[in-house]
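Close look at the chain arrangement
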Amino acid sequence: MNAKTARRRLPVIGAVAAGTVLLLAGPAAAHVSVQPGTAEKGGYSTIAFKVPNEKDNASTVKLEVTLDPKHPLSSVMPQPVPGWEVKVEKTKLEKPLQTHGKTIEEAVSKITWTGGKIEPGQFQQFPLSVGKLPEDADELVFKALQTYSDDDVVRWIDASKPGGAEAEHPAPTLKLVAKAAADGKKADAKDTAKGDDKAENASGKTGEGDGGSDTTARTLGIVGIVVGAAGVAFGVLAGRRRPTA
């Protein structure tokens, strides 16, 4: 390869390098999920639906969550979220639940949050106090619909694929574990209070830890663009500096 040919290929090499970095960065994985992802069987827990906004030109304006109909819960209480209105729907049970000496004939089947906005680059948590969690199941599956201000609706309802592969739009899932497996010991009142405080302090803006994957992806993308631009500029300058006869 002579010097002239090498100079011509420099811009191509720079562009390939940029494309490689962008490919490695890829879109950050972000979807509606349950936080924390596990809870003890037979107990009560405070969970939150974490909803990231995945669009750059629209806000999330509505969240609908359908509870697992196979495992109705006797108690479901949403925590108020500033700026959002919540609607709780109940369904009559074919088989009433018995809890604390009371007969529960209907249970919460769907919860809808509206009125607020999750802006691009932000996320919001929607906390719930739930129980009594079933003892005869290994998970609770919630189906969620995320509506954007441009009327686009993302349906987070897909079941997990065989082999553990993640679905394109996975349904938020709460894993249920035996009490001894949760922490190796029973949670005391202090630990429970800490968990509640975390849910109450849920922010509508991206936190340092939660936004890490998005920040990394954007950083790698910027690096790729800079590398590509540098390659093109170097190739052009090198092509102009041809040796005189």
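Summary of the structure given here. Note that the coordinates shown come from a computational prediction; the quantities given were computed from them, not determined experimentally. (Residues numbered from 1 in each chain as written. Predicted model: local features only at pLDDT ≥ 70, side-chain atom pairs only at ≥ 80, totals over all residues. Heavy atoms only, no water.)

Here's the deal with the overall build of the protein
To keep it simple, the criterion reads: Secondary structure elements follow DSSP: runs of H or I of four or more residues count as helices, runs of E of two or more count as strands, with numbering from the N terminus. Buried, partly exposed and exposed residues are distinguished by accessible area as a fraction of the type maximum, computed with a 1.4 Å probe on protein chains only: under 20%, between the cut-offs, and over 50%, respectively. Note on contacts: a residue pair qualifies if any of its non-hydrogen atoms lie within 4.5 Å across the two residues. Calculation of accessible area relied on Shrake-Rupley with a 1.4 Å probe; when residues are assessed, cover is drawn exclusively from the protein chains displayed.
Counting its secondary structure elements, the protein contains four helices and twelve strands. Residues classed as buried in the protein amount to 31% of the 245 residues present. Taking the contacts inside the protein whose residues are at least 6 apart along the sequence as the reference set, 75% of them involve residues at least 24 apart. Accessible surface for the protein amounts to roughly 15,100 Å². Of this, 54% is attributable to carbon and sulfur atoms.

Quick word on the environment of Gly-115
Take Gly-115: it is sitting in strand β7 (residues 102–118). Along the sequence, Gly-115 and Val-86 sit 29 residues apart, while their C-alpha atoms lie 8.8 Å from each other. Leave out the neighbours within four places in its chain, and Gly-115 touches Val-61, Gly-83 and Trp-84.

Re the sheet that holds strand β8 (residues 123–131)
The condition that has to hold: Note on pairing: two strands pair once DSSP finds at least 2 bridges between them. Axis angles are defined between N-to-C directions and span 0 to 180 degrees, where every axis is a line fitted to C-alpha atoms and, for a helix, only to the segment in contact.
Strand order across the open sheet formed by four strands is β1-β3-β8-β5, with antiparallel pairing between neighbours. The open sheet terminates on both sides in strands that have one partner only, identified here as β1 (33–35) and β5 (75–78). In this sheet, neighbouring strand axes are inclined to one another by 30° on average, regardless of whether the strands run parallel or antiparallel.

Focus on unusual backbone geometry
Residue Pro-36 follows Gln-35 across a cis peptide bond; omega there is -10°. Turning to its location among the elements, Pro-36 is positioned in the loop between β1 and β2 (38–40). With omega at -15°, the peptide bond leading from Gly-131 into Lys-132 counts as cis. Within the secondary structure, Lys-132 is located in the loop between β8 and β9 (139–141). Even without glycine at this site, Asp-151 takes up a positive phi of about 75°. Note that Asp-151 resides in the loop between β10 (143–148) and β11 (153–156). Look at Asp-151 and you get exposed, because its relative accessible area is 66%.

Some thoughts on the nonpolar core
Proteins that are soluble and globular tend to have nonpolar side chains buried together. As a reminder, the rule being used: As used here, the term nonpolar core means buried Ala, Val, Leu, Ile, Met, Phe, Trp, Tyr and Cys residues forming a set that is joined through side-chain atoms within 4.5 Å.
Ranked by size, the top nonpolar core spans 31 residues in total, and within it Trp-113 and Phe-142 carry the most contacts. Residue assignment for this core shows that the elements contributing at least two residues are β3 (45–52), β4 (60–66), β7, β8, β10, β11 and β12 (173–177). For this core, the element with the highest residue contribution is β7, accounting for four residues. Ignoring sequence-local partners within four residues, the contact set of Trp-113 consists of Phe-49, Val-61, Lys-62, Leu-63, Val-65, Pro-78, Val-81, Trp-84, Glu-85, Val-86, Phe-126 and Leu-128.

Focus on the sheet that holds β12
Read from one edge of the open sheet, three strands run β2-β12-β9, paired in mixed fashion. Looking along the sheet, the strands with just one partner apiece sit at the ends: β2 and β9. Averaged over all adjacent pairs, the angle separating strand axes in this sheet is 25°, with direction ignored. Sheet topology places β2 next to β12; three bridges connect them, and they run parallel. Opposite Ala-39, over in β12, you have Leu-176 as the bridge partner.

The values reported here are purely geometric and, on their own, carry no functional implication.
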